Amino acid sequence: MAYRVLLFLLLTIPISFKIEVSPNIRFLLQEPLLLFLVIACNVKLRRIKTKSFPFLFLIISILVIVVSTIISLFFYFDIIGLFKCLKYLLYASAIFTLLNHPKHLRLNILDQMLKYGFICVLFSLGLYFINFLIMDVGWSYYVSYSTWKARFMPTGMSNLAFDVRTFNFIRTGGNHGIYGSYLVIILILALNNFFNSNYKKSKFLIFLILLNLSFITSREAILLLFLTIMFYVLHHFLTRNWIKRDIVIFSFIGLVTFVLVFIIWSPDVVILHKIKHMIKGISETGGFGRSVNFRFNTWYLFFGFLVANPWNIITGVGFNRTRFGNILENQEAIIGEELFHVDLPESIYVATLGYGGIFSLFFLLLFFISLFYLLFYSGKMGKVFSFFLLGLMVTNATGASLFAELLISQFGIVCALLIYKGKELDENSIKKV
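Residues numbered from 1 in each chain as written. Predicted model: local features only at pLDDT ≥ 70, side-chain atom pairs only at ≥ 80, totals over all residues. Heavy atoms only, no water.

### Looking at the confidence of the model for the protein chain
For the record, the criterion: Per residue, pLDDT captures the predictor's confidence, and it can take any value from 0 to 100. Pairs of residues are marked as contacts when any of their non-hydrogen atoms sit within 4.5 Å.
Of the residues in the protein chain, 85% have a pLDDT of 70 or more, and the chain-wide mean is 84. Per-residue pLDDT stays below 50 along residues 264-271; that stretch engages in 28 contacts with residues further than four places along the chain or on separate chains.

### A closer look at the pairing of strand β2 (residues 25-28)
To keep things clear, this is the line we draw: Two strands are counted as paired when DSSP detects at least two bridges linking them. Only DSSP runs of H or I covering at least 4 residues are called helices, and only runs of E covering at least 2 are called strands; the numbering of each starts at the N terminus.
Across four bridges, the pairing between strand β1 (residues 18-22) and β2 is antiparallel. In the sheet register, Glu-20 faces β2, and the bridge partner there is Arg-26. Counting the residues between successive antiparallel strands, the hairpin from β1 to β2 contains two residues, one of them, Asn-24, with a positive phi of roughly 70°.

### A short note on the sheet that holds β1
Our working rule: Only the contacting stretch of a helix is used when fitting its axis, a line to C-alpha atoms as for every element, and angles between N-to-C directions run 0 to 180 degrees.
Ordered in space as β2-β1-β3-β4, the four strands form an open sheet in which the pairing is mixed. Only two strands of the sheet have a single neighbouring strand rather than two, namely β2 and β4 (168-171). When strand polarity is set aside, the average angle formed by the axes of neighbouring strands in this sheet is 35°. Examined bridge by bridge, β1 and strand β3 (residues 160-163) share three bridges and lie parallel to one another. Residue pairing in the sheet places Glu-20 in a bridge with Asp-163 of β3.

### A look at empty space enclosed by the protein
Operational definition: Throughout, the protein atoms alone are placed on a 1 Å grid, and a set of points is a cavity if a 1.4 Å probe fits but cannot get out or a pocket if it is open with protein on both sides within 12 Å along at least five of seven lines; lining residues have an atom within 4 Å of a point. Grid points are joined across faces, edges and corners, and a volume is the space filled by probe spheres set on the points. The residue classification treats Ala, Val, Leu, Ile, Met, Phe, Trp, Tyr, Cys and Pro as nonpolar and Asp, Glu, Lys and Arg as charged. All others, Gly included, are polar.
Under the defined criterion, the tally for this structure stands at one cavity of 30 Å³ or more. A volume near 30 Å³ is recorded for the largest cavity. Along the walls of the largest cavity sit Asp-78, Ile-80, Gly-81, Lys-84, Phe-319, Asn-320 and Arg-321, which together make up its complete lining. Of the residues in the lining of the largest cavity, the class split is two nonpolar, two polar and three charged.

Set out below in structure tokens:
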């Protein structure tokens, strides 16, 4: 019973909002019960299954950051980072629990994910168009305006919070990279359902997901989708016979043609506005755009600090934004140059190295490598999500969308299901066709 409740709580993350009790202190209603269930399900754990090792590696990586963060509090007391680390640890532990008890995994979980995904996307788009009607402005103006205003983007509920101090719902910041990556997961599942049901199901959901993707400013999500398709096409091109290679080639040409037509047609959708702005910035300044330059400046300053203080490569500085920001400011003073930067690493690799040191980064890489291996040999859908994982490894080089409750929970559920049920899913697909 406890495992089924645990799974249900994880499945409902996409349709849940947070409770904000004080500035930057927020939690989902599921999380207290999740914590209890994770402890209860593992208190008598005697043996760890081999297939749960990837998330064990992720747990160790986060634990190292937790230790470094606790130490960092003696330098600068900023406890927000510690709370976030403990939250990441909770979700990684929840997926680890599912992997250690596979008898509770069923194929109908995919249908449940699509159901909650449909609710989430419908809510996002509905709220987006309601805000358009409330603003009472032209469509082109609204699209351009929502490109840069996080509270108007259709980004689900993961950045929606109920402030108990004001009794109002608020948007807590931009989460378009996280939500966009989640949409790619749901899109892959919907496409699989579409092709394995004689083209009768999931049409409307696929349309809504693509529409939602077009109205968020997530270049990360578009790149993730493109990389997943590219790796899938490349794999088929290298491993299939010539007839199937021709099919893949024509499909790829069709995709490229569609993208070019879409760009030339240039409809009023948010992602095109963001891409056009980025291209314009590159042509005018010769740089990569402000957000990219901010990241490079942050990395430049922090790696300069590590060169001067190499012991921090082992210990890390902890997930402490106050300490991290102070380090960057001191580094600016040392080099005698003021560089625009942010007080976050903006990269999962720099974050684990910076926050937890080389050991945290090492176990993160073990997580990626071991999970890719398990997914790749877990049936056709497992292969697709192994390519998704490769894309996630690339996109998280300039972000850390994996370290979010929405992505850890939903991608983790998919991984657990495919690792144990991937080949059974392939057999059922063949029977349907």
